[in-house]
Amino acid sequence: MLTVESLTFTHALSPKKALDGVGFSLPAGTALLVTGPSGSGKSTLLSILAGLAPRFLKGKLEGSVFLDGKAPGELRHWSSDVGFMTQNPECQFLAGNVEDELYLTLRCRNISGQAAAELVDEALKTFSLESVRSQSVFNLSEGQKQRVVLAALTSLKPKVLLLDEPSANLDPPALEQLAEILKKIEGLGVSLIIADHRLAWLTGVCRKILVLDEGRVAGEGDWEWLSDDQTRAGLGLRSVGRCSSKRTSSNPSNSRQNSLGEGVAAKNLTFSYYKGPIIINDLSFKLTYGTVTVLLGKSGLGKTTLARLLCGLEKPLNGEILFDGEKEPGPHGQVVLQNSDHQLYMPSVLEEVNVALSQGRRGARDDQKALEVLSAFGLADLAKRHPQSLSGGEKQRLVVAVGLARPTRLVVLDEPTSGLDGRNLSLMSRQIIKSAQSGPAVLVITHDLELVELVAQDVINLDEVLQSPRELLT
Amino acid sequence: MPALSFKFSESTTGFLKITPESRLILTLVASIFSLFFGQIVPLAILLLVTAVYISLEIRFRYIAIVYLFFAFIALTAVTFVWLLGFVFTVMKDQPLSMAVIPFMRLSISINTIIPLAFNSKLSELISTLNKLRLPGLIKLPLIITIRFIPTFINDLKQLRQAVRIRFRGVSGYGFWVLRPFLWSRVFFMPLVVRLIRSTDELALATELKGLSAETDFGAQRLIFGPTDKIVLALASIAVSVSFIIENLHAHG
C-alpha cells in the first residue's frame with residue numbers, strides 16, 4: 001500500500017506551491033491516473049514519490065510518503081521498490097547501447113550475470129526491442145527510448161511503477177501494447193501511478209483518477225465522472241474517447257494535378273545513416289502549400305529522419321527535395337524537433353521570437369509582432385522570462401511559436417503536442433492551421449490522434465507508403 | 001557463473017578489437033606517465049603513439065569534434081594567459097614549453113579515454129574496474145566521466161543542427177564571422193544549460209539505477225588475447241623509450 005499524506009512542495013526560488021496538501025492511498029495492484037492541465041504538479045508529485053525531492057528536486061517538502069509503512073530512505077534503495085520513468089527517458093540512460101542499458105540496470109541490483117542475461121532477452125522480446133538490441137541509445141527514436149526505460153524498470157519487478165507521460169512519443173499500436181503490458185503488471189500486484197494528458201488509452205488500465213490543478217486535488221473519481229464533456233473542459237482535460245488509428249494516405253489527388261510544380265516534393269528519396277541499413281527507400285510524396293499534412297507511422301520507421309531530409313539537415317543517398325520543382329541548396333524550411341532545450345538561446349522569451357522574426361539580421365526587431373506571436377500561443381505573460389526557466393509544455397509552445405513565426409515555404413513540426421493538455425492542444429492546433437493558411441506547406445509528424453483529427457488536411461501514412469513507395473506521385 | 005558470461009551481440013568494437021581491460025590499462029598508463037614526464041620529446045612520443053591508437057579505434061569525425069572543442073578551450077586559455085601577461089609581466093617571460101606541455105598531457109589523456117568511452121560497454125567497464133581492484137572513490141567518477149563524453153558529443157551535434165535550422169539565412173561557415181556575438185550566444189548558451197542538465201541527469205540516472213561506489217559485478221581474472229598482448233607490448237616500448245629520453249634530458 002502506498003500512502004501519501006498532505007504532500008506540499010515549493011520549488012527552490014519559487015514563491016508558489018507546486019503541490020499543496022495532496023493526499024491519497026493506493027492499494028497494491030491498483031493503477032491510478034494522475035492528470036490535469038500543464039503545470040498542475042503531476043511531474044512534481046511523481047518526482048517526490050520517486051524519492052527525488054529534496055536532493056535532486058530542490059525545494060521545501062512537507063507531508064509524508066509511505067510504502068508498506070516505510071518512508072523513503074536513501075534513493076538508490078528506494079528506487080529498487082519504486083521504478084520511475086521520467087518525461088525525458090534519455091536522461092535515465094547510463095549505458096551506451098540498448099542491451100547494455102538493460103543488463104546494467106539488472107546487474108546494479110545484484111542480479112547475477114546469467115539471470116540478468118535471461119531477463120534482458122525476455123524484456124527485449126516483450127517490448128519489441130530485439131531489432132535495436134545493439135544500437136546506440138542516442139540513435140533510437142523517442143518511442144524506442146521510452147520502451148527501453150520501461151523494459152528496464154519492469155524487469156526489476158518494482159512494487160510501484162511511476163510513469164510520467166508514457167504516451168508522449170508512442171504510436172497507437174505501441175500504446176495498445178503498453179496498455180496490455182501495464183494491465184499484466186497490475187495483475188502481478190504492482191501499483192501503477194501514471195501521469196498523462198492522453199486519457200483514452202488508459203480507460204482499460206486505470207480504475208482510479210486523480211485530477212490536479214495548480215498543485216491541489218481538483219477531483220477524484222472514475223471514468224464515468226470524466227465522461228462528461230463539460231467536466232473535462234472545465235478541468236482542461238483531453239478527450240476520453242478513442243480516435244480512429246487507421247488513417248490512410250490521402251494526398252494523391254493533389255500530386256496528380258501538378259506532380260512537381262508548386263509545393264514541396266520529395267522524389268525517390270533513399271537514405272541510410274553512415275553505412276547503416278536503408279531507412280528510407282525510394283520514397284516520393286508531395287506537400288501542398290497552405291495545407292497541413294500529417295505524417296503517421298510506427299516509432300522508428302524514419303519519420304524524424306524524413307523531417308531532417310526535408311529541411312536539408314541530412315543528405316539523401318539518392319533522390320531529391322524540390323521546392324516548386326527546383327532544388328534548394330543548404331538547409332531549407334523550418335523544422336521544430338522534439339528536444340526543446342537545444343532550440344532556445346536568448347535571454348528572454350520575447351527576444352527568442354524577435355530573433356526568429358528577424359532571422360538573425362541586425363536592427364530588424366519588432367517587439368509588437370513578437371508579442372502578437374506570443375499572445376497567439378498563450379505566452380505573452382511570460383515574455384520577460386528566461387526561456388530555459390519555462391516548464392516543459394511552455395517551452396514546447398515557444399519552440400513551435402518560433403518555428404511558425406518565420407516566413408518560410410515549409411514547416412515541419414515533430415510531435416508538437418506531446419505532453420500538452422486539452423486546452424493547449426486546441427490552441428496549438430488552431431495555430432498550426434492558421435500558419436498553413438498563411439502560405440507554407442506544414443508537415444506535422446505525430447502519434448497524437450486527437451491532433452490528427454483536429455488539423456489533418458492531408459495524411460501520409462508511412463506504414464503504407466513504404467510498402468508502395470511510388471504510389472503518391474504516379 | 002562469471003559476471004560476463006552473457007554474450008553481447010557485439011562484444012567489442014573498434015579496429016583493434018582489444019578488451020576493455022586493455023583499453024583501461026592504456027588510459028591509466030598514458031595518463032599517469034604524461035603527468036610524470038616534463039620534457040617535450042617524451043611527451044611528443046606518447047602523443048604520437050596515442051594519436052595512432054585513437055585513429056585506429058574511432059571514426060575521424062568524432063575525433064575532429066572532440067579536438068575542435070579542445071582547440072577552442074586551448075585557444076581561450078592561451079588568449080587569457082597572454083592577456084594576463086600585460087598585468088603580471090612574469091607570465092610574459094615564461095618559455096613556450098610551459099604553455100605547450102599541459103595541452104600535450106591533456107591530448108594524450110583524450111587520445112586514450114575517447115576509445116575507452118566509445119568502444120566499451122559500461123557493464124564491461126564496471127566489471128573491468130572491479131578486476132583491476134580500483135577503489136570505489138576512483139571507480140564511480142571514472143564511470144561518470146567516461147559516460148559523459150558521448151552525451152557531450154550528442155549535445156554538440158543537436159546544438160549544431162538547431163543553429164543550422166534557426167539561422168538558415170545566416171548560418172553556415174560565415175555565421176560566426178558575420179555575427180560572432182549572436183553565434184556565441186546561440187551556441188554556448190544552450191551548451192552551458194545542456195552541460196549542467198547532463199551532469200544532473202547522469203547523477204540522477206546513477207542513483208535511480210542504484211549504481212554506487214560499492215557496486216560490484218564480481219572480479220574475475222584478467223584475460224588478454226593476442227591482439228591485447230601486442231598492443232600492450234607496443235605501449236610498453238613507447239613508454240620505456242619516453243622514460244629513457246626523459247631521464248637523459250633530466251641528467252644531461
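Everything here concerns the structure above.
The text that follows walks through the structure, step by step, so that each part is easy to find. (Residues numbered from 1 in each chain as written. Chains lettered and ligands numbered in written order. Predicted model: local features only at pLDDT ≥ 70, side-chain atom pairs only at ≥ 80, totals over all residues. Heavy atoms only, no water.)

1. Regarding the overall build of chain A
Turning to step 1, where the next piece is worked out: The helix and strand tally for chain A stands at 16 helices and 18 strands.
Turning to step 2, where the next piece is worked out: A compact globule built from 474 residues would reach a C-alpha radius of gyration of about 23 Å, and chain A, at 23 Å, matches this within 12%.
Turning to step 3, where the next piece is worked out: Dimensions of chain A along its principal axes, counting C-alpha atoms only, are 70 × 55 × 45 Å.
Turning to step 4, where the next piece is worked out: Within chain A, buried positions represent 59% of all 474 residues.
Turning to step 5, where the next piece is worked out: Pairs at least 24 residues apart make up 69% of the contacts formed inside chain A by residues separated by at least 6 positions.
Turning to step 6, where the next piece is worked out: Carbon and sulfur atoms make up 49% of the accessible area of chain A, which amounts to about 18200 Å² in all. (Helix = DSSP H or I, 4+ residues; strand = E, 2+ residues; numbered from the N terminus. Rg over C-alpha atoms; globule rule 2.2 N^0.38 Å. Buried < 20%, exposed > 50% of the residue type's maximum accessible area, 1.4 Å probe, protein only. Contact = heavy atoms within 4.5 Å. Areas by Shrake-Rupley, 256 points an atom, 1.4 Å probe, with all protein chains shown as cover.)

2. Quick look at the overall build of chain B
Turning to step 1, where the next piece is worked out: The helix and strand tally for chain B stands at nine helices and zero strands.
Turning to step 2, where the next piece is worked out: Ordered by position from the N terminus, the helices and strands of chain B form the series α-α-α-α-α-α-α-α-α.
Turning to step 3, where the next piece is worked out: When the 252 residues of chain B are sorted by exposure, 45% land in the buried category.
Turning to step 4, where the next piece is worked out: When contacts within chain B are restricted to residue pairs at least 6 apart in sequence, long-range pairs at least 24 apart make up 84% of them.

3. Things to note about helix α6 (residues 172-187) of chain A
Residues and elements named next belong to chain A.
Turning to step 1, where the next piece is worked out: With 16 residues, α6 should cover 22 Å at 1.5 Å per step; its first-to-last C-alpha distance of 23 Å lies within 8% of that length.
Turning to step 2, where the next piece is worked out: P172, A174, L175, L178, A179, I181, L182, I185 and E186 are the residues of α6 that are buried.
Turning to step 3, where the next piece is worked out: Turning to α6, the residues buried within the fold contact β3 (31-35), α4 (113-126), α5 (142-155), β6 (160-164), β7 (191-195) and α15 (449-455). (Expected span 1.5 Å × (residues − 1).)

4. A few points about the packing of helix α3 (residues 98-108) of chain A against helix α5 (residues 122-131) of chain B
Turning to step 1, where the next piece is worked out: Where α3 of chain A meets α5 of chain B, the axes come as close as 8 Å, and the angle between the chain directions of the two elements is 45°. In terms of orientation, α3 of chain A and α5 of chain B fall into the oblique class. Contacts between α3 of chain A and α5 of chain B involve D100, Y103 and L104 of chain A from the former and L122, S123 and I126 of chain B from the latter.
Turning to step 2, where the next piece is worked out: Grouping the amino acids of the contact of α3 of chain A with α5 of chain B by side-chain chemistry returns four nonpolar, one polar and one charged. (Axes fitted to C-alpha atoms, helices over the stretch in contact; angles between N-to-C directions. Parallel < 35°, antiparallel > 145°, perpendicular 65-115°, else oblique. Nonpolar A, V, L, I, M, F, W, Y, C, P; charged D, E, K, R; others polar.)

5. Considering the pairing of strand β8 (residues 208-213) of chain A
All names here are of chain A.
Turning to step 1, where the next piece is worked out: Across four bridges, the pairing between β3 and β8 is parallel. Considered in β8, the bridge of L33 is made with I209.
Turning to step 2, where the next piece is worked out: As defined by bridge partners, β8 adjoins strand β9 (residues 216-221) across five bridges and the pair is classed as antiparallel. Looking across to β9, one finds that L212 is bridged to V217.
Turning to step 3, where the next piece is worked out: Hairpin remark: β8 followed by β9, antiparallel, with two residues in the connecting loop; positive phi at E214, about 50°. (Pairing = 2+ DSSP bridges.)

6. Here we look at the interface of chain A and chain B
Turning to step 1, where the next piece is worked out: Contacts between chain A and chain B engage 62 residues on the former and 55 residues on the latter.
Turning to step 2, where the next piece is worked out: Roughly 5600 Å² of surface becomes buried between chain A and chain B when both sides are summed, with 56% attributable to carbon and sulfur atoms.
Turning to step 3, where the next piece is worked out: Remark: the boundary between chain A and chain B carries two salt bridges.
Turning to step 4, where the next piece is worked out: Linking E101 of chain A and K209 of chain B is a salt bridge whose minimum nitrogen-to-oxygen distance equals 2.5 Å.
Turning to step 5, where the next piece is worked out: Counting every contact that joins chain A to chain B gives eight residue pairs in polar contact (both at pLDDT 80 or more).
Turning to step 6, where the next piece is worked out: Contributions of two or more residues to the side of chain A that touches chain B are made by α2 (75-81), α3, α4, β15 (334-336), α11 (349-358) and α13 (392-405) of chain A. (Buried area = accessible area lost by both parts, 1.4 Å probe. Salt bridge = Lys/Arg side-chain N within 4 Å of Asp/Glu carboxyl O. Polar contact = N/O pair within 3.5 Å; in protein donor to acceptor, adjacent residues only side chain to side chain.)

7. Overview of the sheet that holds strand β10 (residues 264-272) of chain A
Residues and elements named next belong to chain A.
Turning to step 1, where the next piece is worked out: Spatial strand order, β11-β10-β13-β14: four strands in an open sheet with antiparallel pairing. Because the sheet does not close on itself, it has two edges, and the strands there are β11 (278-287) and β14 (326-327).
Turning to step 2, where the next piece is worked out: Sheet topology places strand β13 (residues 318-323) next to β14; two bridges connect them, and they run antiparallel. Pairing of F323 across the sheet is with E326, part of β14.
Turning to step 3, where the next piece is worked out: Its contacts with the sheet put helix α10 (residues 303-310) on β10, β11 and β13, and the angle it makes with β11 is roughly 60°.

8. Comments concerning the pattern of salt bridges
Residues and elements named next belong to chain A.
Turning to step 1, where the next piece is worked out: Applying the stated rule across the entire model yields 19 salt bridges over all chains.
Turning to step 2, where the next piece is worked out: When the shortest N-O distance is used, the salt bridge between R133 and D121 registers 2.9 Å. Of this pair, R133 sits in the loop between α4 and α5 while D121 sits in helix α4, placing them twelve residues apart in sequence.

9. Notes on the state of the cysteines
Turning to step 1, where the next piece is worked out: For the structure on display, the rule yields zero disulfides over all chains.
Turning to step 2, where the next piece is worked out: Take C108 of chain A: it sits in no disulfide, and the sulfur closest to it among the cysteines is that of C91 of chain A, at 16 Å. (Disulfide = S-S within 2.5 Å.)

10. Considering the sheet that holds strand β18 (residues 458-461) of chain A
Residue and element names in this part refer to chain A.
Turning to step 1, where the next piece is worked out: Strand order in this open sheet of five strands is β15-β16-β17-β12-β18, and the pairing throughout is parallel. The sheet is open, and its two borders are formed by β15 and β18, each paired with just one other strand. Mean inter-strand twist for the sheet, computed between neighbouring axes without regard to direction, equals 15°.
Turning to step 2, where the next piece is worked out: Of the strand pairs in this sheet, strand β16 (residues 410-414) and strand β17 (residues 441-445) are connected by five bridges, and their pairing is parallel. Residue L410 lies in a different strand from β17, and its bridge partner there is A441.

11. Observations concerning the pairing of strand β5 (residues 82-85) of chain A
Residue and element names in this part refer to chain A.
Turning to step 1, where the next piece is worked out: Every second residue of β5 is oriented toward a common face, with V82 and F84 on one face and G83 and M85 on the other, all of them buried.
Turning to step 2, where the next piece is worked out: When β5 meets β6, the two strands line up parallel, connected through four bridges. In the strand pairing of β6, M85 is matched with L163.

12. Quick word on a nonpolar patch on the surface
Turning to step 1, where the next piece is worked out: Residues F80, V81, W82, L83, L84, F86, V87, F88, V90 and M91 of chain B make up a contiguous nonpolar surface patch of about 1000 Å² in total accessible area.
Turning to step 2, where the next piece is worked out: Looking at the element boundaries, V90 of chain B is found in the loop between α3 (60-87) and α4 (96-119). (Patch = residues over 30% accessible without salt bridge, like charges linked within 9 Å, V, L, I, M, F, W, Y side chains within 5 Å.)

13. Side note on empty space enclosed by the protein
Turning to step 1, where the next piece is worked out: In this structure the tally under the stated criterion is seven cavities of 30 Å³ or more.
Turning to step 2, where the next piece is worked out: Reported here for the largest cavity is a volume of approximately 170 Å³.
Turning to step 3, where the next piece is worked out: Along the wall of the largest cavity there are 17 residues; nearest its centre are Q92, T105 and L153 of chain A together with L208 and K209 of chain B.
Turning to step 4, where the next piece is worked out: Taken together, the elements giving at least two residues each to the lining of the largest cavity come down to α2, β5, α3 and α5 of chain A together with α8 (180-209) of chain B.
Turning to step 5, where the next piece is worked out: Its residues placed into classes, the lining of the largest cavity shows nine nonpolar, five polar and three charged.
Turning to step 6, where the next piece is worked out: Residue assignment for the lining of the second largest cavity shows that the elements contributing at least two residues are α6 (136-166) and α8 of chain B.
Turning to step 7, where the next piece is worked out: Class assignment of the residues belonging to the lining of the second largest cavity gives a composition of four nonpolar, four polar and five charged. (1 Å grid on protein atoms, 1.4 Å probe; cavity = no way out; pocket = protein on both sides within 12 Å on 5 of 7 lines; lining within 4 Å. Points joined across faces, edges and corners; volume = space filled by probe spheres on them.)

14. Examining the nonpolar core
Residues and elements named next belong to chain A.
Turning to step 1, where the next piece is worked out: Ranked by size, the top nonpolar core spans 51 residues in total, and within it L102, L182, L192, I194, W201, L202 and V205 carry the most contacts.
Turning to step 2, where the next piece is worked out: Here this core takes seven residues from α6, the largest share from any one element.
Turning to step 3, where the next piece is worked out: Grouped together as the second largest cluster of nonpolar side chains are 40 residues, A370, V400, V411 and V455 included. (Core = buried A, V, L, I, M, F, W, Y, C linked by side-chain atoms within 4.5 Å.)

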